[in-house]
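Summary of the model geometry
Below, each chain spelled out in residue letters.
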Amino acid sequence: MHKPKILVVGSLVMDMITNTQVFPNSGETVLGKTFSTAPGGKGANQAVQASLLGAEVTMVGKVGADSFGDTMIAFMNKAGVNTDHVLRNPDVSSAVGNIILESDGAGSARNRIIVVPGANMTITPEDLAFLKEDVANYDLVMLQFEIPMEINVLVAGYAKAKGVPVMVNPAPAAPIPDELMACATYLSPNEHEAAAITGHPIRVEGGVNQEDIRAVAGIMAQRGTKNLLVTLGENGAAIGSAERVTVMPSVPNVKAVDPTAAGDSFVAAFCTGVCSGLTERQAIDFARNTAAITVSRPGAMPSLPSRQEVLAGLKLYGEKDFPHDLMTD
C-alpha cells in the first residue's frame, strides 16, 4: 500500500476508570468493583489508529512532565507514532479523564466523566511555528476540539496555504470559527454534533433521513466546507454535500462492548483509506469495519485494531469488491 503521511494535532488524555454498581450520592462513599487506567484523548486515539492501519503518523500535542505523560508517549511510540513534537509542560499536569462507570450486572452501563484538560490547553502558536513550512510534507492533517480553537485555526490555515487536505473532527461540539470551516476539506461530526453546529437535526427513525444530511451539508458548504462525513452510531455513516448523499449501514451482528474511541477509530480509518488511494465510499467501508472491531473491545487505545484485523473483517463480512490490494504491502 501507499504509506500516507498524516499529521495529527490534538489532545492526549489519561483515562482513570472506576467501575461500580451504583453512583455515590452527594456526601456518600461506596465501594467500587474495579479500577483501571488507559491512555486516550481524541488526538492520540486518532494518531494511534492511523498508525496501526499503516500510515506514517506524526503527533503534535502537549503533556505534563509526569508519569501519565510518560505512559501516553510510550504507548504511542509502541504503536509506531512519531512523538518528537509532543511537548512537555512542567507547570501543568497531563490531561486526565475521571470516569465512573455504573454497571448493573445485566449488561447495562452508565457513565459520568470529568475531564481535566491540563497541558492540552497550553499549546501555543509559538510551539507550532515550525508547521508553517513543515506541514507541506504531509498528505493530510487531522484536527479535533480538545485543544485551543486558535491552534486548530492556525494549523488549518497553514495546511490550506500549502494545499494539504484537512480533516476537522468537531468533538466535543463547539462553535466553529468561519476561518476553520473555510479550511476544512472534511468535517466529521456525529449526528448530535452536526445538529448542535448547524441547528438542523438528522433524523434516523425508520432509516437515515437523507434530506437532513443534505440540509446539514448545505449549511456547512455555505461556510466553506464542501464534504460532510457524519457518523450515525448503529445507523452507520453518511458522506455528502448539498447535491449528493451516500449512506452506508453499520457492520451487522457486532456486539458493542464499549463505544469509547469508536468515532476516533472511524475518522482515522477514513483518512488513512483516502490517503492510500481508496474512493470515499471504499474509505467509509474500511472505516466502518475498523470501528466495528473497536466497539467490540473495551477501552480507548487498547481497543484499536490493526490493518490486518480490519482486512480480515472485510473478508469475513463478504466485502468482495473492496480493493484489498490498495491496503496491503
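Residues numbered from 1 in each chain as written. Predicted model: local features only at pLDDT ≥ 70, side-chain atom pairs only at ≥ 80, totals over all residues. Heavy atoms only, no water.

As a further point, take the pairing of strand 4 (residues 56-64). Of all nine residues in strand 4, eight are buried; the element is thus mostly enclosed. Across five bridges, strand 1 (residues 5-9) lies against strand 4 in parallel orientation. For Val9, the partnering residue across the bridge sits in strand 4 and is Val60. With helix 2 (residues 67-78) bridging strand 4 and its parallel neighbour strand 5 (residues 82-89), the resulting β-α-β unit is right-handed. (Buried < 20%, exposed > 50% of the residue type's maximum accessible area, 1.4 Å probe, protein only. Helix = DSSP H or I, 4+ residues; strand = E, 2+ residues; numbered from the N terminus. Pairing = 2+ DSSP bridges. Right-handed = clockwise from strand over helix to strand, strands pointing away.)

This part covers the side chain of Ser188. Relative to the helices and strands, Ser188 resides in the loop between strand 10 (186-187) and helix 6 (191-198). Polar contacts involving the side chain of Ser188 include one to the main-chain carbonyl oxygen of Leu229, which spans 3.1 Å. Apart from residues no more than four positions distant in its own chain, Ser188 is found in contact with Met167, Val168, Asn169, Pro170, Leu229 and Val267. (Polar contact = N/O pair within 3.5 Å; in protein donor to acceptor, adjacent residues only side chain to side chain. Contact = heavy atoms within 4.5 Å.)

A few words on the environment of Met16. Mapped onto the fold, Met16 is located in strand 2 (residues 13-20). A relative accessible area of 19% places Met16 in the buried class. Once the C-alpha coordinates of Met16 and Val96 are considered, the two residues, 80 residues apart in sequence, prove to be 7.2 Å apart. Filtering out sequence-adjacent residues up to four positions away, Met16 remains in contact with Phe35, Ser36, Thr37, Phe68, Val96, Gly97, Asn98 and Ile99.

What follows is about the pattern of salt bridges. A side chain of one charge can pair with a side chain of the opposite charge when the charged atoms of the two come close. Counted according to the given criterion, the structure contains eleven salt bridges. With a closest N to O distance of 2.9 Å, Arg288 and Asp285 form a salt bridge. In this pair, Arg288 and Asp285 both sit in helix 9 (residues 280-295), three residues apart, roughly one turn of the helix. Residue class for Asp285 comes out buried when judged on its relative accessible area of 8%. (Salt bridge = Lys/Arg side-chain N within 4 Å of Asp/Glu carboxyl O.)

Bringing unusual backbone geometry into the picture now. A cis amide bond, omega -5°, links Ala171 with the succeeding residue Pro172. Within the secondary structure layout, Pro172 lies in the loop between strand 9 (166-169) and helix 5 (178-183). We note that Asn253 has phi near 60°; this positive angle belongs to a residue other than glycine. Counting through the fold element by element, Asn253 comes out in the loop between strand 13 (245-248) and helix 8 (262-275).

This part is about the packing of aromatic side chains. Taken as a whole and assessed by the stated rule, the structure comprises two aromatic pairs. Here Tyr186 and Phe270 contribute two aromatic rings whose centre-to-centre distance is 5.2 Å and whose plane-to-plane angle is 80°, an arrangement assigned as edge-to-face. Within this pair, whereas Tyr186 is found in strand 10, its partner Phe270 is found in helix 8, the two being separated by 84 residues in sequence. Of the two residues, Tyr186 and Phe270, neither departs from the other in class, the shared state being buried. Ring geometry for Phe286 versus Phe322: centroids 6.1 Å apart, planes at 15°, classification stacked. Note that Phe286 is positioned in helix 9 and Phe322 in the segment after helix 10 (307-316), a separation of 36 residues in sequence. Taken as a pair, Phe286 and Phe322 share a single burial class, namely buried. Its guanidinium or amino end placed over the ring of Tyr138, Lys5 lies 5.5 Å from that ring's centre, counting from NZ or CZ. (Phe/Tyr/Trp six-rings, centres within 6.5 Å; stacked < 30°, edge-to-face > 60°. Lys NZ or Arg CZ within 6 Å of the ring centre and 35° of its normal.)

In this section: the packing of helix 6 against helix 7 (residues 210-222). The geometry of helix 6 relative to helix 7 is characterised by a closest axis approach of 10 Å and an angle of 50° between their N-to-C directions. Taken together, the axes of helix 6 and helix 7 lie oblique to each other. Here the hand of the crossing between helix 6 and helix 7 comes out left-handed. Together, Ala194, Ile197 and Thr198 of helix 6 and Val216, Ile219 and Met220 of helix 7 make up the contact between the two elements. Within the contact of helix 6 with helix 7, the residues separate by chemical class into five nonpolar, one polar and no charged. (Axes fitted to C-alpha atoms, helices over the stretch in contact; angles between N-to-C directions. Parallel < 35°, antiparallel > 145°, perpendicular 65-115°, else oblique. Left-handed = near helix turned anticlockwise from the far one by under 90°. Nonpolar A, V, L, I, M, F, W, Y, C, P; charged D, E, K, R; others polar.)

Okay, the pairing of strand 12 (residues 237-240) next. Burial along strand 12 is two-sided: Ala237 and Ile239 and Ala238 and Gly240, pointing in opposite directions, are all buried. Both strand 11 (residues 227-231) and strand 12 contribute to a ladder of four bridges, which runs antiparallel. Bridging across to strand 12, Val230 finds its partner in Ala238. Between the antiparallel neighbours strand 11 and strand 12 lie five residues, among them Gly233 with a positive phi of about 60°. Linking strand 12 to strand 13, which pair antiparallel, is a turn of four residues.

Time to look at the sheet that holds strand 10. Ordered by their spatial adjacency, nine strands build an open sheet running 5-4-1-8-9-10-11-12-13, and the pairing between neighbours is mixed. The open sheet has two edge strands, strand 5 and strand 13, and neither has a second partner. Sheet topology note: the strand 4/strand 5 ladder contains six bridges and is parallel. Across the sheet, the residue bridging to Gly64 is Asn89, located in strand 5. Sheet contacts for helix 4 (residues 149-161): strand 1, strand 8 (140-144) and strand 9; angle to strand 8, the most-contacted strand, approximately 165°.

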